Amino acid sequence: MSKNLVQFMIEEQRQIPGASDDLTGLIGDIVTACKQIAHSVNKGALIGVLGSAGSENVQGETQKKLDVITNELFIKANEWGGHLAAMASEEMDDIYPIPAQYPKGRYLLTFDPLDGSSNIDVNISVGTIFSILRCPAGSIHPTAEDFLQPGTEQVCAGYALYGPSTMLVLTTGHGVNGFTLNNDIGEFILTHPNMTIPVDTQEFAINMSNQRFWEAPVQRYVDECVKGKSPGGREKNFNMRWVASMVAEVHRILSRGGIFMYPFDTKEAGKAGKLRLLYEANPMSFIVEQAGGMSSTGRGSIMELKPTGLHQRVPVILGSRNEVERVVGYHKEA
Ligand code: AHG
Ligand code: MN
Ligand code: MN
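Residues numbered from 1 in each chain as written. Chains lettered and ligands numbered in written order. Predicted model: local features only at pLDDT ≥ 70, side-chain atom pairs only at ≥ 80, totals over all residues. Heavy atoms only, no water.

Q: Help me understand the coordination of the manganese ion (ligand 2), please; the structure alone is not making it clear to me.
A: Angles at a metal have ideal values that depend on geometry: 109.5 degrees with four tetrahedral donors, 90 or 180 degrees with six octahedral donors. Bound to the manganese ion (ligand 2) on the protein side are Asp112 (OD), Asp115 (OD) and Glu280 (OE), at distances that span 1.8 to 2.1 Å. Of note, the manganese ion (ligand 2) draws all its donor residues from one chain, in the sequence arrangement D-x2-D-x164-E. In this structure the manganese ion (ligand 3) is found 3.7 Å away from the manganese ion (ligand 2), and Asp112 serves as a bridging donor for the pair. Both residues of the pair, Asp112 and Asp115, count as buried. (Donors = N, O, S within 2.8 Å, 3.2 Å for Na, K, Ca; no water. Buried < 20%, exposed > 50% of the residue type's maximum accessible area, 1.4 Å probe, protein only.)

Q: Just checking my understanding: could you explain the coordination of the manganese ion (ligand 3) for this structure?
A: For the manganese ion (ligand 3), the full set of protein donor atoms is Glu90 (OE), Asp112 (OD) and Leu114 (O), at a range of 2.2 to 2.3 Å. The sequence pattern formed by the donor residues of the manganese ion (ligand 3) is E-x21-D-x1-L. The buried category is assigned to Leu114, whose relative accessible area is 1%.

Q: Mind showing me how you'd approach the domain arrangement of the protein chain here?
A: In many reports, interface size means the accessible area that the parts give up when they come together. By the assigned domains, the protein chain splits into domain 1 (5-192) and domain 2 (203-333). Each of domain 1 and domain 2 has a C-alpha centre, and these two points are 24 Å apart. Listed as interface residues are 49 residues of domain 1 and, on the opposing side, 31 residues of domain 2. Counting each side, the surface lost to burial between domain 1 and domain 2 is near 2,800 Å², with a carbon and sulfur contribution of 63%. Put simply, domain 1 and domain 2 have three salt bridges between them. With a closest N to O distance of 3.7 Å, Arg313 and Glu61 form a salt bridge. Summed over the shared surface of domain 1 and domain 2, the number is 18 residue pairs in polar contact (both at pLDDT 80 or more). Listed by contribution, the elements that provide at least two residues to the side of domain 1 that touches domain 2 are β3 (84-89), β5 (107-115), β6 (126-134), α4 (144-147), β7 (156-162) and β8 (166-171). Here the side of domain 1 that touches domain 2 is composed, by residue class, of 22 nonpolar, 20 polar and seven charged. (Domains from an automatic or database assignment. Contact = heavy atoms within 4.5 Å. Buried area = accessible area lost by both parts, 1.4 Å probe. Salt bridge = Lys/Arg side-chain N within 4 Å of Asp/Glu carboxyl O. Polar contact = N/O pair within 3.5 Å; in protein donor to acceptor, adjacent residues only side chain to side chain. Helix = DSSP H or I, 4+ residues; strand = E, 2+ residues; numbered from the N terminus. Nonpolar A, V, L, I, M, F, W, Y, C, P; charged D, E, K, R; others polar.)

Rendered as structure tokens:
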């Protein structure tokens, strides 16, 4: 019999001594949000949601209409349930404390409501990324400071991928499981139990147009991959992919291995990388490591970083263990 996500979560919680069903309730609300987002993304131009919103987010990026809509959907689905003290999103300047009319809970939720939004108008896969933390100060007056916890403190992380199928991939620290949305019954069904990342790969993903801005270790690694079996290269040839939706890249890596890099670059002064620690790098690192992969800034573990700001950016190198270790080794040698 096929198992849906809520049933899977309840059964998993029963096996963990002391686990509360609060987390299952919260994940249920997140699932609702992802189904609503899947619906909007899928209807696209039919309901007039494509194109720019004409506004900018706190990071100076132009917002798409769907960045704003999906942010709102995510908040509305998660604010009422009594599981959360506050939320923080890539698309909001400050944290969002749970409004006074709702009961407060003991978790914090961070999210990127629409990842890969540059792809939305060209009908290429996009996603939603989320991470759940405990609220350290209790649930009464959560502050931005409460969110600045290392990724190792995450209770749960996941993403929804709005591709040819809508999928939800999740970890609570006991491996990684993938669910596919059956639109006929409106349920996510367990289709990809125990997802694991092969330790070796012949596929790398990086935005090559930034090549001249990379540091020497990444230059060296990519140069060797491109050379493949020719002199100065590697023992094998490599293939390259770049979707420009991190969710889609991570999903490919969970499915068949690979290495994904958005490394440190000197393109814009003051930006340590492009991807955001709390909304993208930490949740994806948790998932990748739970699937047997590895994640690093190049110089050290992403999840051990103590965040210094809500919207902090970090270099990200993640995927198949042996390749990530090689890139980290090149950083050490340099
Ligand atoms: P977002 O749409 O949430 O801003 O994230 C886009 C991110 C990530 O998904 C992707 O890997 C990367 O930005 C693509 O960046 P480039 O356009 O620089 O390739
Ligand atoms: Mn993103
Ligand atoms: Mn986004």
